[in-house]
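One-letter residues, chain by chain:
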Amino acid sequence: MEPEFRSGHVALVGRPNVGKSTLLNSLLGQKLSIVTPRAQTTRHRILGILTEPALQVVFLDTPGVIRPRSGLQQSMMRQVSMAVSEADLLLFMADARADRPDALSLERVHGLPAILVLNKVDLIRQDKVLPLAEAYLQLRAFEAVVPVSALKGQHLDALMQELRERLPVGQPLYPEDMLSEHPERFFVSEIIREKLFDRLRQEVPYAVAVNVRRYEENPGRKDLIHADIVVDRPSQKGIIIGARGRTLKAVGSAAREDIEVFLGRGVYLKLFVQVRPDWRNQEGLLRTYGY
Ligand SMILES: Nc1nc2c(ncn2[C@@H]2O[C@H](COP(=O)(O)OP(=O)(O)OP(=O)(O)O)[C@@H](O)[C@H]2O)c(=O)[nH]1
Ligand SMILES: [Mg+2]
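Cut-off values and rules
- Residues numbered from 1 in each chain as written.
- Chains lettered and ligands numbered in written order.
- Predicted model: local features only at pLDDT ≥ 70, side-chain atom pairs only at ≥ 80, totals over all residues.
- Heavy atoms only, no water.
- Salt bridge = Lys/Arg side-chain N within 4 Å of Asp/Glu carboxyl O.
- Helix = DSSP H or I, 4+ residues; strand = E, 2+ residues; numbered from the N terminus.
- Buried < 20%, exposed > 50% of the residue type's maximum accessible area, 1.4 Å probe, protein only.
- Donors = N, O, S within 2.8 Å, 3.2 Å for Na, K, Ca; no water.
- Near = heavy atom within 4 Å.
- Polar contact = N/O pair within 3.5 Å; in protein donor to acceptor, adjacent residues only side chain to side chain.
- Areas by Shrake-Rupley, 256 points an atom, 1.4 Å probe, with all protein chains shown as cover.
- 1 Å grid on protein atoms, 1.4 Å probe; cavity = no way out; pocket = protein on both sides within 12 Å on 5 of 7 lines; lining within 4 Å.
- Sits in = over half its atoms within 2 Å of the grid points.
- Nonpolar A, V, L, I, M, F, W, Y, C, P; charged D, E, K, R; others polar.
- Pairing = 2+ DSSP bridges.
- Axes fitted to C-alpha atoms, helices over the stretch in contact; angles between N-to-C directions.
- Contact = heavy atoms within 4.5 Å.

Some details on the pattern of salt bridges
- For the structure on display, the rule yields 20 salt bridges.
- Note that R164 and E52 form a salt bridge whose closest N and O atoms lie 2.9 Å from each other. In this pair, R164 sits in helix α5 (residues 156–166) while E52 sits in strand β2 (residues 46–52), placing the two residues 112 residues apart along the sequence.
- Residue classification places R164 among the partly exposed positions, given a relative accessible area of 30%.
- The partner of K120 in a salt bridge is D95, and the shortest N-O contact between them spans 4.0 Å.

Right under this line is the structure:
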């Protein structure tokens, strides 16, 4: 007998930098959510759809759980709440090397069905994972505990098997060839932000927003994209442009390469740098930049 079709929303939740976006990309086999070595990379709830013959998982990547201080961070934590409220099942993610459970993130998923995913096991000995798993199980019940390496693709089959068994019986929620639902310009701005995060130090990446201001599709020719890089202090503008424009140029060409791979077509990308003092706390600007 054919297995019954199952489908549902699965939110990835946990503190910044534990590898939520890396796991999303590995499970989908495509880079959808940006990944950088910096904490607080993801700022939205990002939807990615995985369809198999008898299963459709609608994954929701989320920003890492923190105590919000700016308007931007409040928006990020609203995105976490939204994803958690939509989810049928949670993947609660932690760094397998942590010495204690992540109480702040656990608060957010209190009482909800969750699988504990201990990531980055490629960096430690397998037997070191057990004490952390036990410490979590002292605090609450989990449907399952799965140690993985999102980066190296280790034990992802075990994780998928848990989802196949646990998601509710139901019809597909999206067409089977659909990967996401965000518009192309969203991914374009995220790719540019990733390249900025890769090159900026200390507080600067957190002061950056990217806003695609103009997007023209030209049949038979390359797309034309104008994007604003927004910072909140004049000194940061100089840092982003760099000596003789070197940083901005490097960001632009790295971003263009990835955007062309993502879209599957050529683009002209032009970047502008703007100063908008304290944009992270300005309601109207936050909305303009998609937060
Ligand atoms: N060694 C190792 N590194 C990993 C693994 N998964 C993720 N990383 C690295 O950890 C860093 C953070 O990964 P992200 O996927 O951006 O983490 P995140 O949880 O989405 O972070 P936020 O968006 O800030 O909440 C990146 O440098 C990844 O390459 C893993 O399994 N093993
Ligand atoms: Mg992320």
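Okay, back to it.
Here's the deal with the coordination of the magnesium ion (ligand 2)
- Coordination of the magnesium ion (ligand 2) by the protein comes from S21 (OG) and T42 (OG1), over a distance range of 2.0 to 2.1 Å. Of this pair, S21 sits in helix α1 (residues 20–28) while T42 sits in the loop between α1 and β2, and the two are 21 residues apart along the sequence.
- Taking the relative accessible area as the measure of exposure, S21 reaches 8% and is therefore buried.

A short note on the site of ligand 1
- Of all residues adjacent to ligand 1, which total 23 residues, the nearest are K20, T22, Q40, T42 and D122.
- Here G19 contributes a backbone N or O atom positioned 2.9 Å from an oxygen atom of ligand 1.
- Within the side chain of K120, one N or O atom sits 3.0 Å away from an oxygen atom of ligand 1.
- Burial of ligand 1 by the protein amounts to 91% of the accessible area it has alone, namely 650 Å².
- Judged by the fraction of its atoms near the pocket grid, ligand 1 is located in the largest pocket.
- Counted by class, the shell around ligand 1 contains eight nonpolar, 11 polar and four charged residues.

Examining the sheet that holds strand β9 (residues 267–275)
- The strand order β7-β8-β9 describes an open sheet built from three strands, whose pairing is mixed. Only two strands of the sheet have a single partner each, and these edge strands are β7 (209–216) and β9. Between one strand axis and the next, the sheet turns by 20° as a mean value, whatever way the strands run.
- The pairing of β7 with strand β8 (residues 223–231) spans seven bridges and is classified as antiparallel. Within β8, the residue paired with Y215 across the bridge is I225.
- Those strands touched by helix α6 (residues 184–199) are β7, β8 and β9, and its axis lies near 135° from that of β7.
- Where helix α8 (residues 246–263) meets the sheet, it contacts β7, β8 and β9, and its direction lies at approximately 135° from that of β9.

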